[in-house]
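Each chain, letter by letter, is given below.
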Amino acid sequence: QVQLVESGGGLVQPGGSLRLSCAASGSIFSITIMGWYRQAPGKQRELVATLTNGGTTNYNDSVKGRFTISRDHAKNTAALQMSSLKPEDTAVYYCYAYEFFKGRLWGQGTQVTVSS
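These numbers were taken from a predicted model, which means no experiment stands behind them.

### A word on the sheet that holds strand β3 (residues 18–26)
And step 1. Ordered in space as β1-β3-β8-β7, the 4 strands form an open sheet in which the pairing is antiparallel. Every interior strand has two partners, whereas the edge strands, β1 (2–7) and β7 (67–72), have only one. On average, each strand axis in the sheet is inclined to that of its neighbour by 15 degrees, with strand direction left out of account.
And step 2. Across 6 bridges, β3 lies against strand β8 (residues 77–82) in antiparallel orientation. Paired with cysteine 22 across the two strands is alanine 78, which belongs to β8.

Right, dumping it as structure tokens:
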């Protein structure tokens, strides 16, 4: 069994910054992709950013230039540095990973609220 645990969410004013962290633990053979998705109230879950083992990143157009994803492959951790936050970034953010044998994995989610 593999668990993903997020941390770092909270309330921030527009224009502010937050850093989300995710740690994978358990029976891990190889995680090929880690990243973040988000889901706002009444909306579908959407990709925020992913990073492959080969270093390929994929960002939602709405966060390009403001968010940066990073990984520590050896420690099976990922982080999302979010800057210039906007009210429309408010959502529950989910850590995502694709493990070689177990497939898609999700964290429990962490709330990010951008409001003055």
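### Overview of the environment of threonine 110
And step 1. Its place among the elements puts threonine 110 in strand β11 (residues 110–114).
And step 2. Spatially, the C-alpha atom of threonine 110 lies 9.3 Å from that of valine 5, the residues being 105 residues apart in sequence.
And step 3. Setting aside residues up to four positions removed in sequence, threonine 110 forms contacts with Glu6, Gly9, Leu20, Ala91, Val92 and Tyr93.
And step 4. A polar side-chain atom of threonine 110 sits 3.4 Å from the main-chain amide nitrogen of glycine 9.

Thresholds, definitions, all that
- Residues numbered from 1 in each chain as written.
- Predicted model: local features only at pLDDT ≥ 70, side-chain atom pairs only at ≥ 80, totals over all residues.
- Heavy atoms only, no water.
- Pairing = 2+ DSSP bridges.
- Helix = DSSP H or I, 4+ residues; strand = E, 2+ residues; numbered from the N terminus.
- Axes fitted to C-alpha atoms, helices over the stretch in contact; angles between N-to-C directions.
- Contact = heavy atoms within 4.5 Å.
- Polar contact = N/O pair within 3.5 Å; in protein donor to acceptor, adjacent residues only side chain to side chain.

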